[in-house]
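Each chain, written out:
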Amino acid sequence: MFPADELVVDARHLSRRFGSFVAVRDVSLQVRRGEIFGVLGPNGAGKSTALRMLCGVLDPTGGQAIVVGHDVARQPERVKAKIGYMTQSFSLYADLTVAENIRFYASLYGLEGATRRRRIDVVMHQSELAPRAGQLAAELSGGWKQRLALACATIHAPPLLFLDEPTAGVDPLSRREFWERIHELAAAGTTIVVTTHYMDEAERCHRLAFIFRGEVFDSGRPGDIVERAGLAIAEFEVDDVEQATALLQSLPGVEECAHYGHVLRLAVHGGPDVLAGARDHLARAGLAVRDARQARATVEDAFVAMVRRERRA
Ligand SMILES: Nc1ncnc2c1ncn2[C@@H]1O[C@H](COP(=O)(O)OP(=O)(O)OP(=O)(O)O)[C@@H](O)[C@H]1O
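The name that an unreviewed UniProt entry assigns to the chain is ABC transporter ATP-binding protein, with the source organism given as Nannocystis pusilla.

Printed below as a string of structure tokens:
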């Protein structure tokens, strides 16, 4: 492991206004070396704006961030040289081949001589792109484009990698492979800050920050965030799903009652006696319950509950 106190990102009270609109407000977050840090939030929450400030491509209008040892507002060029940045749109040159794209990024980061050759070999090998070196980027599938984008973003072996919705639109297998690669990079000491809308990906992060309307609402390890949300979950298989939903939604403390095929998933604020209480409620109304079981609350449950609570407030 790496020194636990080695902060690669140290943002304090970071803010960004666009005119009178505050897109990011008073965001403080610290990311340690080798961590995979996830940033979650609904559309328009301010995730990309926060990331762009941490990358040194957008000036903060308040607060401070030290990233890879440099102040993002005072030394944005130093920060940019030391980080990798991959966005949803991948920033590839469609009419260049795989190898040409990688060589282009190697030049962009000033790699020369033996170091350049070695890094090109390493990323080609790690991304398994070597057999496709001569293929045009435009001809690659979504998953291979994503591999190429990651290869380009890491060509200079940056100690810190920012990923802004890196798996949007790629298939589940490619997403899994991508995350395996992310974990390999982190295990080798690369720090990763990633935004995502996929909650299974959020669960793969070491720590998370929930951003809503520009502010951090909660942050910590996925398990701790889920625990703080205080939700108990039960799943029911019932014959009359619609009637069961209506009945369960009338129970006190219900956060959500959602359909998953023939299964109803109930999330309530409260203790584990939820299962027995809800089943009794259905039984009293004469509804047949074929199966009832307690389930694990997830980051998605915590996220949805948080966003709903804030929208109600
Ligand atoms: N250059 C800009 N000028 C004005 N407003 C902006 C600008 N950039 C972002 N915003 C606004 O700031 C808010 C936050 O946008 P941002 O792109 O950071 O959200 P996000 O959380 O990344 O959303 P998404 O998940 O949809 O990518 C939005 O309301 C957006 O319209």
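Student: Which residues make up the overall build of the chain, and what values do they have?
Tutor: Scanning the chain from N- to C-terminus turns up 11 helices and 14 strands. Counting only C-alpha atoms and orienting by the principal axes, one finds that the chain spans roughly 75 × 45 × 40 Å. Every one of the 313 residues in the chain was classed for burial, and the buried ones make up 50%. Summarising the internal contacts of the chain: among those between residues at least 6 apart in sequence, 69% fall at separations of at least 24. Total accessible area computed for the chain in this model is approximately 15000 Å², and 49% of it derives from carbon and sulfur atoms.

Student: Give me the lowdown on the sheet that holds strand β2 (residues 21–32), citing residues and values where you can.
Tutor: Spatially, β2-β1-β4-β5 is the arrangement adopted by the four strands of the open sheet, whose pairing is antiparallel. Each edge of the sheet is formed by a strand with only one pairing partner; in this case those strands are β2 and β5 (70–71). The strands that helix α1 (residues 47–54) touches are β1 (7–18), β2 and β4 (62–67); relative to β1, the one it contacts most, it runs at about 120°.

Student: Before we move on, could you go through the pairing of strand β3 (residues 36–40) and cite the residues and values that matter?
Tutor: Counting buried residues along β3, five of its five residues qualify, which places the element largely inside the surrounding structure. Here β3 shows no split at all, with I36, G38 and L40 on one side and F37 and V39 on the other all buried. Pairing geometry for β3 and strand β9 (residues 207–212), over four bridges, is parallel. Counterpart to G38 in the pairing with β9 is L208.

Student: Requested: an account of the packing of aromatic side chains, with residues and values cited.
Tutor: All chains considered together, the criterion is met by four aromatic pairs. Seen in terms of ring centroids, F104 and Y105 are 5.5 Å apart; in terms of plane orientation they differ by 90°. Their pairing is edge-to-face. By relative accessible area, which is 30% here, F104 ends up partly exposed. Y105 sits in the buried class, given a relative accessible area of 12%. Seen in terms of ring centroids, F212 and F217 are 5.9 Å apart; in terms of plane orientation they differ by 75°. Their pairing is edge-to-face.

Student: Describe the nonpolar core, with residues and values.
Tutor: Core analysis: the largest hydrophobic core is formed by 50 residues, its most contacted members being I102, L148, L163, I182, I192 and F210. When we break this core down by domain, the ones giving at least three residues each are domain 1 (7–226) and domain 2 (231–296). In contact with I102, other than residues within four places in its own chain, are I120, V123, M124, L129, L148, A151, C152 and I155. Core analysis: the next-biggest nonpolar cluster, separate from the first, contains 28 residues, V9, A50, L51 and C55 among them.

Student: Could you give me a rundown of helix α4 (residues 113–126), with the residues and numbers involved?
Tutor: Its 14 residues give α4 an end-to-end C-alpha distance of 20 Å, which sits within 8% of 20 Å, the value for a rise of 1.5 Å per residue. Buried residues along α4 sit in contact with α3 (98–108) and α5 (142–153). Remark: E128 follows α4 within two positions and exhibits a positive phi of approximately 60°.

Student: Quick rundown of the side chain of K47? Include the residues and the values.
Tutor: Turning to its location among the elements, K47 is positioned in helix α1. E165 is the oppositely charged side chain nearest to the buried, salt-bridge-free K47, at an N-O distance of 4.9 Å. Within polar-contact distance, the side chain of K47 engages the backbone oxygen of P42 at 3.0 Å. Aside from chain neighbours lying at most four places away, what touches K47 is V39, L40, G41, P42, E165, T195 and H197.

Definitions and cut-offs
- Per-chain numbering applies: the sequence of each chain, read as written, is numbered from 1 onward.
- Local features in a predicted model are, by the rule used here, given only for residues with pLDDT of at least 70; side-chain atom pairs are given and counted only at 80 or more, and totals for whole chains, interfaces and linings are based on all residues.
- Here the side-chain values reflect all heavy atoms present in the structure, with hydrogen atoms and water set aside.
- Numbering goes from the N terminus for both helices and strands, where a helix is a DSSP run of H or I of at least four residues and a strand is a run of E of at least two.
- Burial classes: relative accessible area under 20% of the type maximum marks a residue as buried, over 50% as exposed, and values in between as partly exposed (1.4 Å probe, protein chains only).
- Residue contacts follow a heavy-atom distance rule, with two residues in contact if any of their heavy atoms lie within 4.5 Å.
- To measure how exposed things are, a 1.4 Å probe is used in the Shrake-Rupley method; for residues, cover is taken only from the protein chains shown.
- Strands pair, by our definition, only if DSSP identifies at least two bridges between them.
- Note on method: axes are straight lines fitted to C-alpha atoms, helices fitted across the in-contact stretch only, with angles between N-to-C directions ranging 0 to 180 degrees.
- The aromatic pairing rule takes the rings of Phe, Tyr and Trp, using the six-membered ring of Trp, and pairs them if the centres are within 6.5 Å, calling planes under 30 degrees apart stacked, those over 60 edge-to-face and the rest tilted.
- Buried Ala, Val, Leu, Ile, Met, Phe, Trp, Tyr and Cys residues that are joined via side-chain atoms within 4.5 Å together make up what is termed a nonpolar core.
- The domain boundaries here were taken from an automatic or database domain assignment.
- The length a helix should cover is 1.5 Å for every residue beyond the first.
- Within this scheme the basic residues Lys and Arg register as positive and the acidic residues Asp and Glu register as negative, but His and the chain ends are omitted.
- Only one rule defines a salt bridge in this text: a Lys or Arg side-chain nitrogen within 4 Å of an Asp or Glu carboxyl oxygen.
- Two N or O atoms form a polar contact when they lie within 3.5 Å of each other; inside protein one atom must be a possible hydrogen donor and the other a possible acceptor, and for residues adjacent in sequence the pair counts only when both atoms belong to side chains.

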